[in-house]
Amino acid sequence: EVQLVQSGAEVKKPGESLKISCKGSEYSFSTYWIGWVRQMPGKGLEWMGIIYPRDSETRYSPSFQGQVSISVDKSVSTAYLQWSSLKASDTAMYYCARHTVRDGMDVWGKGTTVTVSS
Amino acid sequence: DIQMTQSPSTLSASVGDRVTITCRASQDISNWLAWYQQKPGKAPKLLIYKASSLQSGVPSRFSGSGSGTEFTLIISSLQPDDFATYYCHHYSTYPYSFGQGTKLEIK
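Attention in this report is confined to the structure presented alongside it. (Residues numbered from 1 in each chain as written. Chains lettered and ligands numbered in written order. Predicted model: local features only at pLDDT ≥ 70, side-chain atom pairs only at ≥ 80, totals over all residues. Heavy atoms only, no water.)

A few points about the sheet that holds strand β3 (residues 19-25) of chain B
Residue and element names in this part refer to chain B.
So, step 1. The antiparallel open sheet is built from four strands, whose spatial order is β1-β3-β8-β7. The two strands at the open ends of the sheet, each matched to only one other strand, are β1 (4-7) and β7 (62-67). This sheet shows a mean twist of 15° between the axes of neighbouring strands, independent of strand direction.
So, step 2. Taken together, the four bridges between β1 and β3 define a ladder with antiparallel strand orientation. Bridge assignment links S7 to a residue of β3, and that residue is T22. (Pairing = 2+ DSSP bridges. Helix = DSSP H or I, 4+ residues; strand = E, 2+ residues; numbered from the N terminus. Axes fitted to C-alpha atoms, helices over the stretch in contact; angles between N-to-C directions.)

Re the interface of chain A and chain B
So, step 1. On the chain B side, the residues contacting the 23 residues of chain A number 19 residues.
So, step 2. For the pairing of chain A and chain B, the buried interface totals around 1,700 Å² over both sides, and the portion due to carbon and sulfur atoms is 66%.
So, step 3. The interface formed by chain A and chain B contains zero salt bridges.
So, step 4. Going through the elements one at a time, β4 (33-39), β5 (45-52), β6 (57-60), β9 (92-100) and β10 (104-108) of chain A are the ones with two or more residues in the side of chain A that touches chain B.
So, step 5. Partitioning the side of chain A that touches chain B into residue classes produces 11 nonpolar, six polar and six charged. (Contact = heavy atoms within 4.5 Å. Buried area = accessible area lost by both parts, 1.4 Å probe. Salt bridge = Lys/Arg side-chain N within 4 Å of Asp/Glu carboxyl O. Nonpolar A, V, L, I, M, F, W, Y, C, P; charged D, E, K, R; others polar.)

Regarding the state of the cysteines
Residues and elements named next belong to chain A.
So, step 1. On inspection of all chains with the given rule, the structure shows two disulfides over all chains.
So, step 2. There is a disulfide in this structure between C22 and C96, and the S-S distance comes to 2.0 Å. As the torsion about the S-S bond is roughly 80°, the C22-C96 disulfide counts as right-handed. Here the residue C22 occupies a position in strand β3 (residues 18-25), and C96 occupies one in strand β9, the gap between them amounting to 74 residues. (Disulfide = S-S within 2.5 Å.)

Some thoughts on the environment of F98(B)
So, step 1. By secondary structure assignment, the location of F98(B) is in strand β10 (residues 97-98).
So, step 2. The class for F98(B) is buried, based on a relative accessible area of 9%.
So, step 3. Residues within four places of F98(B) in sequence aside, it is in contact with V37(A), L45(A), E46(A), W47(A), M105(A), W108(A), M4(B), Y36(B), Y87(B), C88(B) and H89(B). (Buried < 20%, exposed > 50% of the residue type's maximum accessible area, 1.4 Å probe, protein only.)

Topic: unusual backbone geometry
So, step 1. Along the chain, S7(B) connects to P8(B) via a cis peptide bond; the corresponding omega equals -5°.
So, step 2. Note that P8(B) resides in the loop between β1 and β2 (10-13).
So, step 3. Phi is positive for S77(A), which is not a glycine, with a value near 55°.
So, step 4. Structurally, S77(A) can be placed in the loop between β7 (69-73) and β8 (78-83).
So, step 5. Although it is not a glycine, S30(B) adopts a positive phi angle of roughly 55°.
So, step 6. Residue position: S30(B) is located in the loop between β3 and β4 (33-38).
So, step 7. Residue S30(B) is classed as partly exposed on the basis of its relative accessible area of 35%.

Written out as structure tokens, the structure reads:
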């Protein structure tokens, strides 16, 4: 079964750094884009950015450019979303999803909850 | 950047009803549009891709149509499992984006 397995919930303080992960299995990880989506509590879905594991080409939404970093290690079939200095406003659920050129986001991880609180 | 606007934001309906959700793009996106269903506490689920193609395993009561800037998701006969929030999503040009969502409630 094609799966994306995300890392566990995180509780951090403002100013701390964080890297969450998304590991793909049972498909050719390098040949499908991986996208990241934010959902703040009680709010809608926000497209953050996308990465192509084969060559690490990355695109960001202007809303998230410079705020987060998306990376990948294709040797372990894992994509990452990283913050260098968290803010309380980063508190949200973060989903990764496999993104095909034709189909949109067809396989989703279960999400990683990030809570930032002093 | 392309903005996606869904309507209505909330929709109250009964089991067996036919419902229509609309999504408008601020620019021509051809048919690069997907629809997702999200239930509370769960990840979104792909229903429709390329505006009108039904994702494998999705019931045939779901259908999508449209191209260019106007799109619709239709549920032909609402079932109890369909009460959820629905999002459109364009993947035409970067940055991609979602509509704000339509919450489908039980009347």
